[in-house]
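Examination of the molecular architecture
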Amino acid sequence: MVRLAKGYVPESWVWRRVERTAMFPFELVIPIAVAVGVVLLFLVNGFVSASPAEIKVVSGPWGQRIIHGKTGFKVPLIERVDSMTAAMIPVDVKTSDYVPTNDFINVQADAAVKVRIATETSELLQAATRNFLYKNIDEISDEVRDTLEGHLRAIIGQMRLKDIVTDRDTFAQRVQDNAHQDLAEMGLEIVAFNIQGFADKDGTIDNLGVANVATIRKDAEIAQARSNQEISEAQAAADKASNEARVNADLDIAQKQTDLAMRKAALKVEADTENAKADAAYEIQKQIQQKDIERETAAANIVKQEQEAVVKQKEVEVTKNTLDSQVRAKADAERYAAEQAAQADLFRRQKEAEAQAYERTQAANATREAMLAEAEGIRAKGDAEAAATAARLTAEAEGLEKKAEAMAKMNQAAVLEMYFNALPDVARAVAEPLANVDSITMYGEGNAAKLTEDITKSMTQVNAGLGDSMGLDLKQLFGALVGAKAIAPTLSDAVAKGVKAGTEKTEKNPSSEQGASDKDPNEKNSGTREK
């Protein structure tokens, strides 16, 4: 398997792709690139584009193709492209000399014409390409000017001067109709034909307008006189009507003033009467209104006093509610503050108690761990010293066994004598490791008495070991020689003597009792003792 960027694929696939890559014909790269370049160059050089104001003519062995307002292609090196304009061509047409009209008056005509190459049909385009393919706008304009000038001359000779001058549109249209066929054969069409003016060398055209000018002037003067007369008549009639209107207006004004004075007098009498009535009615109404005012004032005062009483009562209630709410809010705030303070103090005391309990727990745990570690060290030291003592005692026992073999021939008295002589040393050896211990921590009951009991048991075990190793029954020997009652005190004295010698140093160190007294009473009854 081969690891790729996105996973693993079989190696066969990789080798197959490598083989395919190795089989690719690299020698074809250059020919392919050259072929592609040739094709691109062919397309670029063969592309032909013609705008709406341009005509492209593609010429070659297969004839001509006209491209106008679109794109096309040509075959490079075989076909060529020529351009013609499709825009309007301005032509200034003017007769070079005077031309006689139908009524034998010599005139000159000037016209502004705009033509263009006709693109409606292929026949017109073919004719234009034959005539103007390799010509510019000025050359085309010159050829069209000559043609249009000839047709302009022809139409001038067919019409009367007055008709030519007064009806220019007809003249221009006849010129266009007469030149249409010739321009079509050239592949052109007229877009606009405007007559600029006519001129003659004898002033005939000017004289045509003299009568008209006189007639127009006469008609104008007559019209002016009539207008003045009408204006005067209209002015007099207007003055008369104005005077009559003014007199009538004055009469109307005088009549209106008389009527007005009479009406004023009548109105004054009526007004005085009405004023008197009004004054009397005013006094009566004034008295009535005064009574109403006094009555309403009294009622208003009563209502005002009642409203003031209600307002004062409301103010008392508002003041009472305000004081009540203030006192209650203050009491609630003080109670809330006291509760929060009590809760904060309770929380503080709880946290302090928890911290003290935690500290005591941690101190107790630390003390317990320290004491357990100390006891473990003492126990390990005692085990090591006990093992050393046991080894030493075992070696001494072996020596005594050999000595016993040498003294096998001795009697029992000699054996007992040696036994009693060695017994204090054995007791001292058993108790001597305890003298080397700095402190002893006792757990349980008994303390020093328990320690003595342990040493006595150790001596008993030593006696049993000596008896087993020597093959002697010490009690039997003691009973046979001096009796059991005499032997027992001797054995106790020997043991006590050895114990006393071994524990003198231990009794001088008070740390054992202090260590035992400092322990938890619950731990004294654990039933475990370490040395």
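Residues numbered from 1 in each chain as written. Predicted model: local features only at pLDDT ≥ 70, side-chain atom pairs only at ≥ 80, totals over all residues. Heavy atoms only, no water.

Under an unreviewed UniProt entry, the protein chain has the name SPFH/Band 7/PHB domain protein and belongs to Lancefieldella rimae. Per its UniProt entry, the protein chain bears the Sequence similarities (unreviewed entry) comment "Belongs to the band 7/mec-2 family. Flotillin subfamily." In the Subcellular location (unreviewed entry) part of its UniProt record, the protein chain is described as follows: "Membrane". (UniProt positions renumbered as here; feature names shortened; annotations may be inferred.)

1. Quick word on the overall build of the protein chain
Per the secondary structure count, the protein chain includes 14 helices and 11 strands. Across the 531 residues that make up the protein chain, the buried fraction comes to 23%. If you sum the accessible surface of the protein chain, you get close to 36800 Å²; carbon and sulfur atoms cover 56% of it. (Helix = DSSP H or I, 4+ residues; strand = E, 2+ residues; numbered from the N terminus. Buried < 20%, exposed > 50% of the residue type's maximum accessible area, 1.4 Å probe, protein only. Areas by Shrake-Rupley, 256 points an atom, 1.4 Å probe, with all protein chains shown as cover.)

2. Overview of unusual backbone geometry
Of note in the backbone geometry, F104 takes a positive phi value of approximately 60° without being a glycine. Within the element layout of this structure, F104 appears in the loop between β9 (99–100) and β10 (106–117).

3. Focus: the pairing of strand β4 (residues 54–60)
The buried count for β4 comes to 5 of 7 residues, which makes it a mostly enclosed element. Pairing geometry for β4 and strand β7 (residues 80–85), over 6 bridges, is antiparallel. Within β7, the position partnered with E54 by the bridge is T85. Here 6 bridges tie β4 to strand β5 (residues 63–68), and the two strands are oriented antiparallel to one another. (Pairing = 2+ DSSP bridges.)

4. Observations concerning the pattern of salt bridges
Tallying each qualifying case throughout the model produces 14 salt bridges. Where R348 meets D345, a salt bridge forms, and the shortest distance between an N and an O atom there is 2.3 Å. Of this pair, R348 and D345 both sit in helix α8 (residues 210–406), separated by 3 residues, roughly a single helical turn. Classification of R348 by relative accessible area gives partly exposed; the value is 40%. (Salt bridge = Lys/Arg side-chain N within 4 Å of Asp/Glu carboxyl O.)

5. Thoughts on the packing of aromatic side chains
Tallied over the entire structure, the rule returns 1 aromatic pair. Ring geometry for F171 and F198: centres 5.5 Å apart, planes at 70°, overall edge-to-face. Placement of the pair is F171 in helix α6 (residues 168–186) and F198 in strand β11 (residues 188–200), with a sequence separation of 27 residues. One exposure class covers both F171 and F198, and it is buried. The side chain of K201 reaches across the aromatic face of Y98, ending 5.8 Å from its centre. (Phe/Tyr/Trp six-rings, centres within 6.5 Å; stacked < 30°, edge-to-face > 60°. Lys NZ or Arg CZ within 6 Å of the ring centre and 35° of its normal.)

6. Side note on the sheet that holds β7
One open sheet holds the 3 strands; their spatial order is β5-β4-β7, and the pairing between them is antiparallel. Unpaired on one side and paired on the other, β5 and β7 mark the two borders of the sheet. Each neighbouring strand pair of the sheet contributes to a mean axis angle of 25°, computed without reference to strand direction. (Axes fitted to C-alpha atoms, helices over the stretch in contact; angles between N-to-C directions.)

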